[in-house]
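Fold and contact review
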Amino acid sequence: MDIDVCIRGRRSVRAYTQERVAKEQIETILEAGTWAPTGMNRQPWRFIVIEDKQLIKLVSDETKELVKKAMPPLATQLNTSEDVICYDAPMLILICTEKDPQWAQINLLDCVLAAQNMFLKAYEYGLGTCYMGFVQFLNSKPEVLRRLGMPENYDIQVPFIIGHPKDRQDNGIRQKPNIYKWIK
Ligand SMILES: Cc1cc2nc3c(=O)[nH]c(=O)nc-3n(C[C@H](O)[C@H](O)[C@H](O)COP(=O)(O)O)c2cc1C
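Residues numbered from 1 in each chain as written. Predicted model: local features only at pLDDT ≥ 70, side-chain atom pairs only at ≥ 80, totals over all residues. Heavy atoms only, no water.

**Things to note about the sheet that holds strand E2 (residues 91-98)**
Rules: Being paired, for any two strands, means DSSP has found at least two bridges between them. Secondary structure elements are taken from DSSP: a helix is a run of H or I of four residues or more, a strand is a run of E of two residues or more, and numbering for both begins at the N terminus. Here, axes are lines fitted to C-alpha atoms. For helices the fit covers the stretch in contact, and angles between N-to-C directions go from 0 to 180 degrees. By definition in these notes, contact holds between two residues if any of their heavy atoms fall within 4.5 Å.
Read from one edge of the open sheet, four strands run E1-E2-E4-E3, paired in antiparallel fashion. Two strands close off the open sheet at either side, each with one partner strand: strand E1 (46-50) and strand E3 (128-131). Ignoring which end each strand starts from, the neighbouring axes of this sheet average 25° apart. Where E3 and strand E4 (residues 154-163) come together, four bridges link them in antiparallel fashion. Pairing of Gly128 across the sheet is with Gly163, part of E4. Where helix H2 (residues 23-34) meets the sheet, it contacts E1, E2 and E4, and its direction lies at approximately 155° from that of E1. In the packing of helix H5 (residues 104-124) onto the sheet, contacts are made with E1, E2, E3 and E4, and the angle to E4 comes to roughly 15°.

Below is the structure:
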């Protein structure tokens, strides 16, 4: 796929079918992540791929409670039995790194760059993705992280959902004028 089509076409998808995502596609998407640049080429990541719907529900339920406590204005929106966190997606991927205060910021940047590679590769396959920022709240719940197969002393840097989109996404809007300054 042409790179401009990919960059402009990718949108955050919040409605998925339950069709299984092919393992080979996921493996290629994970590999795309690992070609991202990393600070000092440390490639600090581990990837946890979760297809178990009960575990994804656990992530949504636990996250919902944490967000309600941390961000009370969002509580009304979150007081619903619907999965307004992971949107009933068939798969959740956690990009994780070892906890290391010295490298915390670089680790996050590395994982975010990996995620964008993965989003674009997924889009090329006709798959949808959505960054799940709230799920990072689970880093305060080691017992939940353990149930998600997180290695000891690791935490979540970038969580995202992936699957076959239910609908075609619109084109998105990018219309912030005057964001360039060109100094010659
Ligand atoms: C750091 C970050 C955290 C995000 N967290 C969430 C989230 O928790 N839930 C959600 O539905 N979308 C989340 N998003 C997706 C944004 O809402 C989305 O990227 C933005 O609205 C632009 O839309 P687009 O991705 O379709 O271009 C997140 C995006 C980023 C970059």
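**Topic: the site of the ligand**
As a reminder of what qualifies: Working definition: residue near molecule or strand if any one of its non-hydrogen atoms lies within 4 Å of it. Under the rule applied, a polar contact is a pair of N or O atoms within 3.5 Å (in protein, one hydrogen donor and one hydrogen acceptor; residues adjacent in sequence only if both atoms are side-chain atoms). Only the protein chains shown count as cover for residues, and all accessible areas are computed by the Shrake-Rupley method using a 1.4 Å probe. Each residue is assigned to one of three groups, with Ala, Val, Leu, Ile, Met, Phe, Trp, Tyr, Cys and Pro labelled nonpolar, Asp, Glu, Lys and Arg labelled charged, and all others, Gly among them, labelled polar.
Around the ligand sit Arg10, Arg11, Ser12, Arg14, Tyr87, Cys130, Tyr131, Met132, Gly133, Phe134 and Arg174, and that is every residue in its neighbourhood. Within the side chain of Arg10, an N or O atom sits 2.9 Å from an oxygen atom of the ligand. Here an oxygen atom of the ligand and a side-chain polar atom of Tyr87 are 2.6 Å apart. Protein chains bury 59% of the 620 Å² of accessible surface belonging to the ligand in isolation. In terms of residue class, the shell around the ligand is made up of five nonpolar, two polar and four charged.

**As for the environment of Glu31**
Turning to its location among the elements, Glu31 is positioned in helix H2. Considered as a pair, Glu31 and Ala114 are 83 residues apart in the sequence and their alpha carbons are 9.3 Å apart. Here Trp35 takes part through its side chain, which lies 2.9 Å from a polar atom of the side chain of Glu31.

**Regarding the nonpolar core**
We apply this condition: To form a nonpolar core, buried Ala, Val, Leu, Ile, Met, Phe, Trp, Tyr and Cys residues must be joined to one another through side-chain atoms within 4.5 Å. Residue exposure (1.4 Å probe, protein chains only): buried if accessible area is under 20% of the type maximum, exposed if over 50%, otherwise partly exposed.
Cys86, Leu92, Leu94, Val135 and Leu138 are the most contacted members of the largest nonpolar core, which has 28 residues in total. For this core, the secondary structure elements donating two or more residues are E1, helix H3 (53-70), E2, helix H6 (142-147) and E4. Here this core takes six residues from H3, the largest share from any one element. Leave out the neighbours within four places in its chain, and Val135 touches Val59, Thr63, Ile85, Cys86, Leu94, Ile156 and Pro159.

**Thoughts on a nonpolar patch on the surface**
Note the cut-off: To count toward a patch, a residue needs a relative accessible area above 30% and no salt bridge. Like charges then connect within 9 Å, nonpolar side chains (Val, Leu, Ile, Met, Phe, Trp, Tyr) within 5 Å. Should a side-chain nitrogen of Lys or Arg be within 4 Å of a carboxyl oxygen of Asp or Glu, the pair is scored as a salt bridge.
Nonpolar side chains collect at one region of the surface, where Leu108, Val112 and Tyr131 lie side by side and expose about 210 Å² of accessible area between them. What makes Tyr131 partly exposed here is its relative accessible area of 34%.

**A closer look at H2**
Here is the rule: Given a helix with a known number of residues, its expected span is that number minus one, times 1.5 Å. Think of it as the arc spanned by the lines of direction from the helix axis to the C-beta atoms.
With twelve residues, H2 should reach 16 Å at 1.5 Å per residue; the first-to-last C-alpha distance of 17 Å fits that figure. Listed as buried for H2 are Gln25, Ile26, Ile29, Leu30, Ala32 and Gly33. All buried residues of H2 lie within an arc of 155° about the axis, which places them on one face of the element. Away from its buried face, by an angle of more than 90 degrees, H2 presents the exposed residues Lys23 and Glu24.

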